[in-house]
Amino acid sequence: MLYILLSTVVALLLCRLVVLWVRYEVMHPLREHAYPLRKDKNFEVIKEAAGNGTLPKAFRPNSFPLSSWSGNVILADYELIKEAFSKKELSNRLYSEKLDQDMVRKRKNYGINEMVERILGPEDTLTKNGAGASMGIGDGFYDETHRNLRVHWHDTIKRLVGRNQISEIIQHSSAQVNRYLEREGSQDGIDPREIFMNGTMNVVTGFSLGILYEFDDPDFKNLAKYVRVFFENMRNMYVNKIIVDIFPLWPRMTQNWLYQLFVRKPLAGITETVPRFTEYILTKVKEHRATLDIANPKDFLDILLIAAEKDSRLGHFTITSSIVALYLGASDTLSNQMRWLCFTLADHPEVQEKMFEEIKASIEKDSEIMKENCPFTRSVLLENMRWHPVVDTLPHRATEDIEVQGVPIKNKAVVQASLTAVMHNPANFPEPEKFIPDRFIKNGAFENDVKVCGFSLGLRNCIGKQLAIEEYFIFSSNMVKSFRLERTAGKNEIANHTAILMPKDGNKVRFIPRNK
Ligand code: HEM
């Protein structure tokens, strides 16, 4: 009897598997295609398939066993990405009620609520608003709070551009970057990673908190340490998030426990870093309160504090996590784009010289480096972004069943865009595998190409785009004006990394001052 029962169960299970296999493998309207999680492998696979025309416009990623059954979709065509990401149903991050509840637990474990009351006091608006209704500018649903955060961000940009403060903040950081390149890199050669990380982080600090640090300031060093710990734990935090999302929440046994069981790697340092980073930002909130001029906000935090008076959905967690998101979004991206530029220029001295001549002529003509006078430099910078796109998009999650240009996307599917596929498609850029410095010069003038889309497209694209483009130009042109770059070690190879297309360690460049 038991034998018959067991056989029936096994037979039913097998039937179920066959049905699933037919549904997901045979009948599924989207093809499956390789999409390795490791960025170096991913870059090679996607570049090759885009190059020989075998990459589908949209596909199910075959990243690990059965992953193509999950309903996830990778978009690999410019027009498709543009249309898909203009839809609010496809503009949410990996977010759910469960993840929200897990965050409530984590804040409790970290003692964040008590910290808010201790630092800001019980009468402060942020204490009264509580944690807030959003996970911050880089996470959560594409809802009204998120849209408002974007509006506040762009409002800050407008105000600071009007007062010339953005350029002042970036120039301050760029001057420090150059000082450190000379101090540390003019003898034996260095990998300038840390220096550019510090430079980009300092721009975020200036823009969001109104502080221009020196790189060796102890507070700034602490900030850099917090950001580093986040990056070191990024992959594990992501795995943790997926575990929380998949398994039911139990009252006592947290998903962190499950995570430790499966992944066996502690989220090293994160449990200490989150409260410290939060404490730093809350201290800045307190300081901003003392100088806040409602008619004349001076940075992003001022603007958020003013907005929180009228909108209780902007709570302490919304604000602290938005500021943290800026540091995370800004630092590894731009610093790696700068690293690729340095190593590529070191391999192309003739490109450096042509940029230098153009920059020098601009200073002679207008006493400063004007973008309009530097078409070749801008073309090189854009080509560097196209040739080595440091990131694909972050994961988007569908909130409805939807079809875009014939591509079916299921509710809750994770959708990502392969920006690499667009930028290495020969139909968009002839000979995409080659670095062609004057690719974007037409009749002697610089011509932007929207298909260089490293900041992504649509409603959930990179909010730092405008700032990053400004920073990229100022850091690069000041660097080329001041130094000749010479490779002393390594070659342009890609590191084994899960999130960022970054050069391998071991690349070194000597920054030889031009004035000596
Ligand atoms: C070379 C530099 C940069 C590149 C290539 C880059 C690229 C990207 C990409 C591809 C996304 C994901 C968009 C999507 O999922 O569709 C993103 C999101 C984001 N970026 Fe950037 N980024 C850069 C610099 C910056 C800077 C300087 C900041 C801040 C000042 C920043 C802040 C953010 C934030 C907060 C998000 C999340 C936006 C959201 O979820 O709504 N990024 N970035």
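All values reported here derive from a predicted model rather than from experimental measurement. Starting afresh in each chain, residues are numbered from 1 along the sequence in its written order. Confidence filtering applies because this is a predicted model: local features only for residues at pLDDT of at least 70, side-chain atom pairs given and counted only at 80 or more, and all residues used for totals across whole chains, interfaces and linings. With hydrogens and water stripped out, all remaining heavy atoms of the structure feed into the side-chain values.

Undergrad: Whenever I open this one, the site of the ligand confuses me. Can you help?
TA: Any residue with a non-hydrogen atom lying within 4 Å of a molecule or strand is treated as near it. Around the ligand there are 28 residues in total, and Arg150, His396, Ser456, Arg460 and Cys462 lie nearest to it. Ser456 has a polar side-chain atom sitting 2.7 Å from an oxygen atom of the ligand. For the ligand, an oxygen atom lies 2.8 Å from a polar atom in the side chain of Arg460. Comment: elements are numbered from the N terminus, with helices defined as DSSP H or I runs of at least four residues and strands as E runs of at least two. Of all the elements, helix H15 (residues 316-347) adds the most residues to the shell around the ligand, at five residues. Three classes are used, and their members are as follows: Ala, Val, Leu, Ile, Met, Phe, Trp, Tyr, Cys and Pro are nonpolar, Asp, Glu, Lys and Arg are charged, and the others, Gly among them, are polar. The residue makeup of the shell around the ligand, split by class, is 15 nonpolar, nine polar and four charged. N or O atoms closer than or at 3.5 Å make up a polar contact, with two conditions inside protein: a donor-capable atom paired with an acceptor-capable one, and, for residues adjacent in sequence, both atoms drawn from side chains.

Undergrad: How should the environment of Pro56 be read in this particular structure?
TA: Along the chain, Pro56 turns up in the loop between helix H2 (39-51) and strand E2 (58-61). When neighbours within four sequence positions are excluded, Pro56 is seen to be in contact with Arg31, His33 and Ala76. Note on contacts: a residue pair qualifies if any of its non-hydrogen atoms lie within 4.5 Å across the two residues.

Undergrad: Would you mind going over the coordination of the iron atom of the ligand with me for this structure?
TA: Between any two of four tetrahedral donors, the ideal angle at the metal is 109.5 degrees; between two of six octahedral donors, it is 90 or 180 degrees. Only nitrogen, oxygen and sulfur atoms qualify as donors, provided they sit within 2.8 Å of the metal or within 3.2 Å for Na, K and Ca; with water excluded from the atoms, sites may seem incomplete. Just one protein atom donates to the iron atom of the ligand; it is Cys462 (SG), sitting 2.3 Å from the metal. Its place among the elements puts Cys462 in the loop between strand E9 (445-446) and helix H19 (465-482).

Undergrad: Help me understand the environment of Tyr213 in this model?
TA: If you trace the backbone, Tyr213 turns up in the loop between helix H9 (193-209) and helix H10 (218-232). Taking C-alpha positions, Tyr213 is 10.0 Å from Gly199, a pair spaced 14 residues apart along the chain. Dropping the residues within four chain positions of it, Tyr213 is found in contact with His172, Gln176, Asn202, Thr205, Asp219, Phe220, Leu223, Tyr280 and Lys284.

Undergrad: Looking at this model, I keep getting lost on the pattern of salt bridges. Mind explaining?
TA: Between side chains of opposite charge, pairing is possible as soon as their charged atoms come close. Each reported salt bridge corresponds to a side-chain nitrogen of Lys or Arg within 4 Å of a carboxyl oxygen of Asp or Glu. Enumeration according to the criterion identifies 32 salt bridges in this entry. For Arg339, the salt bridge goes to Asp505, with nearest N and O atoms at 3.8 Å. Here Asp505 lies in the loop between strand E10 (483-489) and strand E11 (508-513) and Arg339 lies in helix H15, a separation of 166 residues in the sequence. A relative accessible area of 0% places Arg339 in the buried class. Using a 1.4 Å probe on the protein chains alone, a residue whose accessible area is under 20% of its type maximum counts as buried, one over 50% counts as exposed, and one in between counts as partly exposed. Look at Asp505 and you get exposed, because its relative accessible area is 62%. Among the ionic pairs, Lys504 bridges to Glu493, the shortest N-O distance being 3.5 Å. Placement of the pair is Lys504 in the loop between E10 and E11 and Glu493 in the loop between E10 and E11, with a sequence separation of 11 residues. With relative accessibility at 37%, the residue Lys504 sits in the partly exposed group. The structure contains a network of salt bridges with shared partners spanning Asp124, Arg289 and Glu309.

Undergrad: I'm lost on the side chain of Asn336 in this one. Help?
TA: Here Asn336 is to be found in helix H15. A residue is classified by how much of its surface remains accessible, and Asn336, at 0% relative accessible area, is buried. In terms of polar contacts, Asn336 uses its side chain to reach the backbone carbonyl oxygen of Asp332, at 2.8 Å. Beyond its immediate stretch of four places on either side in the chain, Asn336 contacts Val390, Ile500, Met502 and Pro503.

Undergrad: How should I be thinking about the sheet that holds strand E3 (residues 73-75) in this particular structure?
TA: Note: strands within a sheet are paired through backbone hydrogen bonds, in either parallel or antiparallel orientation. Taken in spatial order, the five strands of this open sheet run E1-E2-E3-E7-E4, and their pairing is mixed. Each edge of the sheet is formed by a strand with only one pairing partner; in this case those strands are strand E1 (32-33) and strand E4 (396-397). Strand direction decides the pairing type here: E2 and E3, joined by two bridges, are antiparallel. Residue pairing for E3: Ala58 is matched across the bridge by Leu75. Strand pairing is assigned whenever DSSP detects at least two bridges linking the two strands.

Undergrad: For this particular structure, what's the right way to read a nonpolar patch on the surface?
TA: Patch membership requires over 30% relative accessible area and the absence of a salt bridge. Like charges are linked within 9 Å, and nonpolar side chains (Val, Leu, Ile, Met, Phe, Trp, Tyr) within 5 Å. A 1.4 Å probe and the Shrake-Rupley method give the accessible areas. Residues count as covered only by the protein chains that appear here. On the surface, a cluster of nonpolar side chains totalling about 340 Å² of accessible area is made up of Leu2, Leu5 and Leu6. Structurally, Leu2 is set in helix H1 (residues 2-26).

Undergrad: In this structure, what is going on with helix H7 (residues 144-162)? I would like to understand it.
TA: Note: α-helices contain 3.6 residues per turn, so residues at a spacing of three or four share the same orientation. A helix's residues, less one, multiplied by 1.5 Å, set its expected span. For H7, with 19 residues, the first-to-last C-alpha span of 27 Å sits near the 27 Å given by 1.5 Å per residue. Of the positions making up H7, those classed as buried are Thr145, His146, Leu149, Arg150, His152, Trp153, Thr156, Ile157 and Leu160. Looking straight down H7, one finds that the buried residues subtend no more than 160° of arc, so they occupy a single side. Along H7, the residues that are exposed and aim more than 90 degrees away from the buried face are Val151, Lys158 and Gly162. A positive backbone phi angle near 65° is found at Asn164, which sits one or two residues after H7. It is the directions from the helix axis to the C-beta atoms whose arc is reported.

Undergrad: Help me understand the packing of aromatic side chains, please; the structure alone is not making it clear to me.
TA: Two rings from Phe, Tyr or Trp (for Trp, the six-membered ring) form a pair when their centres are within 6.5 Å of each other. A pair whose planes differ by under 30 degrees is stacked, one over 60 is edge-to-face, and the rest are tilted. Applying the stated criterion across every chain, the model contains 14 aromatic pairs. Ring geometry for Trp153 against Phe207: centres 4.7 Å apart, planes inclined by 55°, an arrangement best described as tilted. With Trp153 in helix H7 and Phe207 in helix H9, the pair connects residues that are 54 residues apart, well separated along the chain. Of the two residues, Trp153 and Phe207, neither departs from the other in class, the shared state being buried. Ring plane angle 50° and centroid distance 5.8 Å describe the contact between Phe277 and Tyr327, whose orientation is recorded as tilted. One end of the pair, Phe277, is in helix H13 (residues 270-291); the other, Tyr327, is in helix H15, and 50 residues separate them in sequence. Per residue, the accessibility class of Phe277 equals that of Tyr327, and both read buried. Here, over-ring charges are defined by two tests on the NZ atom of lysine or the CZ atom of arginine: distance to the ring centre within 6 Å, and angle to the ring normal within 35 degrees. Lying across the ring of Tyr180, Arg183 places its NZ or CZ 4.4 Å from the centre. Over the face of the ring belonging to Phe376 we find Lys354, whose NZ or CZ atom lies 4.4 Å from the ring centre.

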